[in-house]
Amino acid sequence: SLVSSHKPKIFRSGGLCMLDRMLRVDHAGEYGANRIYAGQMAVLGRSRTGPLIQEMWDQEKKHLEKFNEILAENRVRPTALLPLWNIAGFVLGASSALLGKEGAMACTVAVEESISEHYNSQIRALMEKDPERYTELLQVKFRDDEMEHHDTGLEHDAESIPGYWLLKKRYTTGCKAAIYVSQRV
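Residues numbered from 1 in each chain as written. Predicted model: local features only at pLDDT ≥ 70, side-chain atom pairs only at ≥ 80, totals over all residues. Heavy atoms only, no water.

The name that an unreviewed UniProt entry assigns to the protein is 5-demethoxyubiquinone hydroxylase, mitochondrial, with the source organism given as Labrus bergylta. Quoted verbatim from the Catalytic activity (unreviewed entry) field of the UniProt record, the comment on the protein reads "a 5-methoxy-2-methyl-3-(all-trans-polyprenyl)benzene-1,4-diol + AH2 + O2 = a 3-demethylubiquinol + A + H2O". Looking at the protein in UniProt, the text filed under Sequence similarities (unreviewed entry) is "Belongs to the COQ7 family." (UniProt positions renumbered as here; feature names shortened; annotations may be inferred.)

So, in structure tokens, the structure goes:
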């Protein structure tokens, strides 16, 4: 197990342990990312961009698999919103891909940037609380892969889609809302 079953009171917040909230939202994020890439592949899978999207999706599948293990080991239930994230993620991925490769990459940039920022925030919180206790969990973070996906999106013309900044703002706002509610529900 990554964490002992004893959780000090310092981690309690609104009846839900800080670590439980972190693991729940990380799992939800990886689940959502998988559904986004599934939607993108449904639209662009046979295009020249398909192999690139598949490569990023394969990494996300590994992330989700690891968080499934971590949730089970730590007896943390996933968010009750997984059915919603299933649909919303796929629709987001497919609709962004309907805008073409650039639309899919704009979505990837925004989502992966939001996830990376969230992971950075979690890493800071764990380091402030007890870095020795959470050493193994800190090593599990997939922030570097997420930043690589972000950079890949930029390298593949994300910013060239008309209205990029508006799309990016919309996607990042949605991600922040999903993060907020997934921690709590």
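## Observations regarding a negative patch on the surface
A cluster of acidic residues, E55, E148, D151 and E155, forms a negative patch at the surface. For the negative patch, the leading source of residues is helix α6 (residues 143-155), giving three residues. With respect to the helices, strands and loops of the structure, E55 is situated in helix α2 (residues 50-73). Residue E55 is classed as partly exposed on the basis of its relative accessible area of 48%. (Patch = residues over 30% accessible without salt bridge, like charges linked within 9 Å, V, L, I, M, F, W, Y side chains within 5 Å. Areas by Shrake-Rupley, 256 points an atom, 1.4 Å probe, with all protein chains shown as cover. Salt bridge = Lys/Arg side-chain N within 4 Å of Asp/Glu carboxyl O. Lys, Arg positive; Asp, Glu negative; His and termini not counted. Charge placed at Lys NZ, Arg CZ, Asp CG, Glu CD. Helix = DSSP H or I, 4+ residues; strand = E, 2+ residues; numbered from the N terminus. Buried < 20%, exposed > 50% of the residue type's maximum accessible area, 1.4 Å probe, protein only.)

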